[in-house]
Amino acid sequence: MASIDVYTRSIEMKDLYKDNYNPERFLSYCKKCRNFNRLHSCPPFDEDIGSYLDDYPYITLIAVQLFYTEDEIEKYSGEDACMEYTKETLTPVSNQLREILLKLENIYPNTLSLSSGGCNICPDCNRIEGKPCRYPDKMRISPEALGFDMMGILKEYFNIDLQWSKGSLPKYYTLIVGLCSMETLEIASDEIAQLFHN
Ligand code: SF4
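Nothing here was measured: the structure is a model prediction, and the numbers come from that model.

About the cut-offs
Residues numbered from 1 in each chain as written. Predicted model: local features only at pLDDT ≥ 70, side-chain atom pairs only at ≥ 80, totals over all residues. Helix = DSSP H or I, 4+ residues; strand = E, 2+ residues; numbered from the N terminus. Buried ≥ 20, exposed ≤ 12 C-beta atoms within 10 Å, placed from the backbone. Contact = placed C-beta atoms within 7 Å. Near = placed C-beta within 6 Å. Nonpolar A, V, L, I, M, F, W, Y, C, P; charged D, E, K, R; others polar. Axes fitted to C-alpha atoms, helices over the stretch in contact; angles between N-to-C directions. Parallel < 35°, antiparallel > 145°, perpendicular 65-115°, else oblique. Left-handed = near helix turned anticlockwise from the far one by under 90°. Arc of directions from axis to C-beta. Core = buried A, V, L, I, M, F, W, Y, C linked by C-beta atoms within 7 Å. Pairing = 2+ DSSP bridges. pLDDT = per-residue confidence, 0-100.

**Considering the environment of Lys138**
Part 1: Counting through the fold element by element, Lys138 comes out in the loop between strand 3 (111-114) and helix 5 (150-158).
Part 2: A tally of 14 C-beta atoms within 10 Å means that Lys138 is categorised as partly exposed.
Part 3: Remark: the alpha-carbon pair of Lys138 and Glu99, spanning 39 residues in sequence, is separated by 8.4 Å.
Part 4: Here Lys138 is in contact with Leu102 and Ile121, once residues within four sequence places are set aside.

Written as structure tokens, this is what we have:
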């Protein structure tokens, strides 16, 4: 049965900009993604997002790893089985993490969370029909949509290498999100892990 591990790291936002920020490069990747211009959480944005995080000099990075057992990797090999099982196991973790981030925003005042990947709250995003977001109170932008290098951040701050499925499950998937704050926060990984079990 898959299991999760949680890690946290609180840093100054300026450090994130210094080594792991390249909006031009990541916008070019976003343009190749099927979510580009189709989700309100994804580029291109109506407003200039270069200053989106200016009010938040600190960020707590949260990395969540979903580990698979050897049995699972063996059982769900092959493109279709692997994709299906990834969806079945990773999507609930990602959805739970989104809810946890909103809880953290309530627990820690004056914070803003950055979510993982494109928003999947609605089956079809309102942006496709040119309508406003249905849940602006819940939808959060991801760090990569803002131009941050998630692979670099994972390596630098957690010494984790991203893994993907290649016709079979990887040993683990990693989700990385953040809680931006006006002051330094010390959020223990146990606190987040606990919220996963509530
Ligand atoms: S909450 Fe719904 S409408 Fe808003 S970005 Fe997410 S999918 Fe789109």
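Moving on from the model shown.
**Quick notes on the site of the ligand**
Part 1: Neighbouring the ligand are 13 residues, the closest being His40, Cys119, Cys122, Cys125 and Cys133.
Part 2: Taken together, the residues of the shell around the ligand sort by class into eight nonpolar, three polar and two charged.

**Details of the packing of helix 4 (residues 79-107) against helix 6 (residues 189-197)**
Part 1: Direction vectors running N to C along helix 4 and helix 6 enclose 120 degrees, while the axes themselves pass 10 Å from each other. Between helix 4 and helix 6, the angle is such that the two are oblique. By crossing handedness, the relation of helix 4 to helix 6 is classed as right-handed. Across from Gln96, Ile100 and Lys103 in helix 4, the residues of helix 6 making contact are Ile192, Leu195 and Phe196.
Part 2: Of the residues assigned to the contact of helix 4 with helix 6, the class counts are four nonpolar, one polar and one charged.

**Overview of helix 5**
Part 1: Taken together, the buried positions of helix 5 are occupied by Met150, Ile153, Leu154 and Tyr157. What you see down the axis of helix 5 is that its buried residues fit within an arc of 100 degrees, all on one side.
Part 2: Where helix 5 is buried, its residues contact strand 1 (3-12), helix 1 (13-19), strand 2 (58-67) and strand 4 (172-181).
Part 3: With its phi angle positive at about 55 degrees, Asn159 sits one or two positions after the end of helix 5.

**Observations concerning the environment of Cys122**
Part 1: You can see Cys122 is positioned in the loop between strand 3 and helix 5.
Part 2: Taking the number of C-beta atoms within 10 Å as the measure of exposure, Cys122 has 14 and is therefore partly exposed.

**What about the nonpolar core?**
Part 1: Core analysis: the biggest nonpolar cluster contains 34 residues, and Leu61, Ile62, Val64, Ile153, Ile176 and Val177 have the highest contact counts within it.
Part 2: Elements with a minimum of two residues in this core: strand 2, helix 4, helix 5 and strand 4.
Part 3: Here the element with the most residues in this core is strand 2; it accounts for seven residues.

**Considering the sheet that holds strand 2**
Part 1: Reading across from one edge, 1-2-4-3 is the order of the four strands in this open sheet, with antiparallel pairing throughout. Looking at which strands have only one partner, the edges of the open sheet turn out to be strand 1 and strand 3. Strand-to-strand, the axes of this sheet are offset by a mean angle of 20 degrees, without reference to chain direction.
Part 2: As paired strands, strand 1 and strand 2 are joined by 10 bridges and run antiparallel to one another. Its bridge partner being in strand 2, Val6 is matched across the sheet by Val64.
Part 3: Of the strands in this sheet, strand 1, strand 2, strand 3 and strand 4 touch helix 4, which is tilted by about 15 degrees from strand 4.

**Remarks on the confidence of the model for the protein**
Part 1: Scored by pLDDT, the protein comes out at a mean of 94, with 100% of its residues at no less than 70.
Part 2: By mean pLDDT, the top-scoring element of the protein is strand 3 (98), and the lowest-scoring one is helix 6 (91).

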